[in-house]
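Listed below, chain by chain, are the residues.
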Amino acid sequence: MTLLDAVLSLSEAPARDEALQRILRALAQATAADALSVLTAAEDGSVGVAAQIGLSPAALGISFNPAEHPRLRRATLAAGPIRFLDPSEPDPYSGWLLGSAGEIHPIHACMAVPLRVQGRLAGLLTLDACDPHGLRGLRDEDARMFAGLCAGALRLDVGPGPALAAEARRAAGGGALPGGSAAMRRIEREISVLAPLSVPVLVTGETGVGKELVARALHERSPRASRALVIVNCAAIPAQLVESELFGHRKGAFTGATAARAGRFEAAHGGTIFLDEIGELPLAAQAQLLRALQEGEIQPVGEDRARRVEARVVAATNRDLRREVAEGRFRADLFHRLWVYPICVPPLRERREDIPALCERFAAEIAAELGAARVDFDEPALRALTQAGWPGNVRELKNAVERAALRRMMAEGTGAAGRTLVLRREDVDDVDDADEHGALARPGAPRIELPGERPWPAGEPPGAPAEPLVEALERARREAFARAFRAAGGNAAMAGRLLGVSRSFAYKEAVRLGLIPAPEPRRR
């Protein structure tokens, strides 16, 4: 069982104690320890055994006063993993080791790691091995990772109740992931465990499912929240500039490098860097990225020396990276370094119970933008949105809600300021429904005939002249701009926001289409 198995077990554990027990089982298989335990800190300063392996069952629940145990006192004050090398110090578990009727031999391997939650001591992780060299193979870095998992498990403990817990999640950025489906609850649990750690995380899922929201939640709930979150769309960087963008360059390193420039990794120092569409990175940049992950070093283009940088890496992809590795487009060693723990965000069609919450979120956002008191849905509209196929996932749903609000505002012919807009079924009549076979069908759209059937919509006579495409597009453009400028009261900036274009473009197009008068020429 590996660190990955421990995290997987933790994300599936129903409660704190079971989660701790699974982590200890994973750690026991990864080390030669004969006894492991997690002690939780009480308000009076004592520490009690909450989970254990290799100790007598009677040890569970026993409390120690660190002031009476030198090793426990030192462990509670330590900043990180501490190994006890002085055999004269008594071991608090002497006599409790399973199968040992007497004292633990003074010369044995013993180690402890403090567990901290939000900067406060939450407990201790301890390891004992009868072999004096039994813990030599456990690196401090790995001990910290397992301790971080234990600390994450302590956060799963039942707190002040569901309402206050939900409020705490919102305060910590939890509102970024609306929805109460089993899949979203799993992702919330995974984020709560992984956020305090520094291990790389790979977020997978189809385009538009909300992978960036997961990355933001990981950052906002981490100790790095006060530092930068740097978002990089790897697919948008030209291949010849990828290394410069990520790792920086020195002056004169290549044509056009007129000044030295820091890369995105340096900008994320101490914080988080989110590499979206990481499957698009060229192989040369993948080698540099692997070095940054393994050694914490980057080498700017044109420089001879590497620079130290410390940034947590969260990556995302909609590609099958296993296939990319098999076909030679993605480095296997980088894949395995990123695959410490993958968070898979399922498509929207597999979690339809989340759609009403998402609709409310997007409706609140568009209401704030339009100045409306509220944007709501009637029952047929919400039912249509819930039953749609959403091949574009959450991103497509958001666009549909915004489009429906603009249609309702234009249909009513008045501004939205201070009003409540109730979206109706006809406002969302262009969403893609899923039929009984899972195929997508657009309500009201002409049926696409199979070969040998009528190749035109029913009721339209064969040979009817079709409008030239250029004319149809120009007419549609004119209608869209006219509606937007009417709804905006002639304000080009507002019309541009409604249309999703810049103010200057909206103004110029409105002038070209004859919707508003052209500006008078300036007099000299």
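Q: Could you give an account of the side chain of Thr-317, with specific residues and numbers?
A: If you trace the backbone, Thr-317 turns up in strand 12 (residues 312-317). Of the polar contacts made by the side chain of Thr-317, one reaches the backbone nitrogen of Arg-319; its length is 3.0 Å.

Q: How would you explain the sheet that holds strand 3 (residues 63-64) if you had to name every residue and give the values?
A: Strands sit in the order 3-2-1-6-5-4 across an open sheet of 6 strands; the sheet is antiparallel. The sheet is open, and its two edges are formed by strand 3 and strand 4 (82-83), each paired on a single side. In this fold helix 3 (residues 70-77) packs onto strand 2 (47-53), strand 3, strand 4, strand 5 (109-117) and strand 6 (120-129), with an angle of close to 40° to the strand it touches most, strand 5.

Q: Any chance you could break down the environment of Phe-247 for me, citing the residues and the numbers?
A: Along the chain, Phe-247 falls in helix 8 (residues 242-247). Overall, Phe-247 belongs to the buried group, its relative accessible area being 0%. Taking C-alpha positions, Phe-247 is 9.7 Å from Glu-297, a pair spaced 50 residues apart along the chain. In this structure Phe-247 touches Gly-263, Phe-265, Glu-266, Ala-285, Gln-288, Leu-289, Ile-298, Gln-299 and Pro-300, once residues within four positions along its chain are discounted.

Q: For the packing of helix 13 (residues 355-370) against helix 15 (residues 393-412), give the residues involved together with the corresponding values.
A: Running from amino to carboxyl end, helix 13 crosses helix 15 at an angle of 50°, the nearest separation of the two axes being 9 Å. The pairing of helix 13 with helix 15 is recorded here as oblique in orientation. You can see that helix 13 and helix 15 cross each other, and the crossing is right-handed. Mapping the contact onto sequence places Ile-355, Leu-358, Cys-359, Phe-362, Ala-363, Glu-365, Ile-366 and Leu-370 in helix 13 and Val-394, Leu-397, Lys-398, Val-401, Glu-402, Ala-405, Leu-406 and Met-409 in helix 15. Grouping the constituent residues of the contact of helix 13 with helix 15 by class yields 13 nonpolar, no polar and 3 charged.

Q: Summarise the pairing of strand 1 (residues 35-41); cite the residues concerned and give the values.
A: Along strand 1, 6 of the 7 residues are buried, which leaves the element largely enclosed by surrounding structure. Of the pairings in the sheet, the one linking strand 1 to strand 6 comprises 6 bridges and is antiparallel in character. The partner of Ala-35 across the bridge, within strand 6, is Asp-128. In terms of strand pairing, strand 1 meets strand 2 through 6 bridges, oriented antiparallel. Note on strand 2: the bridge partner recorded for Leu-39 is Val-49. Once strand 1 ends, the chain turns through 5 residues before running back antiparallel as strand 2, passing Gly-45 with a positive phi of about 95°.

Q: Account for the packing of aromatic side chains, with residues named and values stated.
A: Applying the stated criterion to the full structure yields 3 aromatic pairs. A ring pair is formed by Phe-64 and Tyr-93, whose centres lie 5.9 Å apart and whose planes are at 70°; its orientation type is edge-to-face. Here Tyr-93 lies in the loop between strand 4 and strand 5 and Phe-64 lies in strand 3, a separation of 29 residues in the sequence. Comparing Phe-64 with Tyr-93, the two get one shared label, buried. Across from the ring centre of Tyr-507, 5.8 Å away, lies the NZ or CZ of Arg-503, which sits over that ring.

The rules we used
Residues numbered from 1 in each chain as written. Predicted model: local features only at pLDDT ≥ 70, side-chain atom pairs only at ≥ 80, totals over all residues. Heavy atoms only, no water. Helix = DSSP H or I, 4+ residues; strand = E, 2+ residues; numbered from the N terminus. Polar contact = N/O pair within 3.5 Å; in protein donor to acceptor, adjacent residues only side chain to side chain. Pairing = 2+ DSSP bridges. Contact = heavy atoms within 4.5 Å. Axes fitted to C-alpha atoms, helices over the stretch in contact; angles between N-to-C directions. Buried < 20%, exposed > 50% of the residue type's maximum accessible area, 1.4 Å probe, protein only. Parallel < 35°, antiparallel > 145°, perpendicular 65-115°, else oblique. Left-handed = near helix turned anticlockwise from the far one by under 90°. Nonpolar A, V, L, I, M, F, W, Y, C, P; charged D, E, K, R; others polar. Phe/Tyr/Trp six-rings, centres within 6.5 Å; stacked < 30°, edge-to-face > 60°. Lys NZ or Arg CZ within 6 Å of the ring centre and 35° of its normal.

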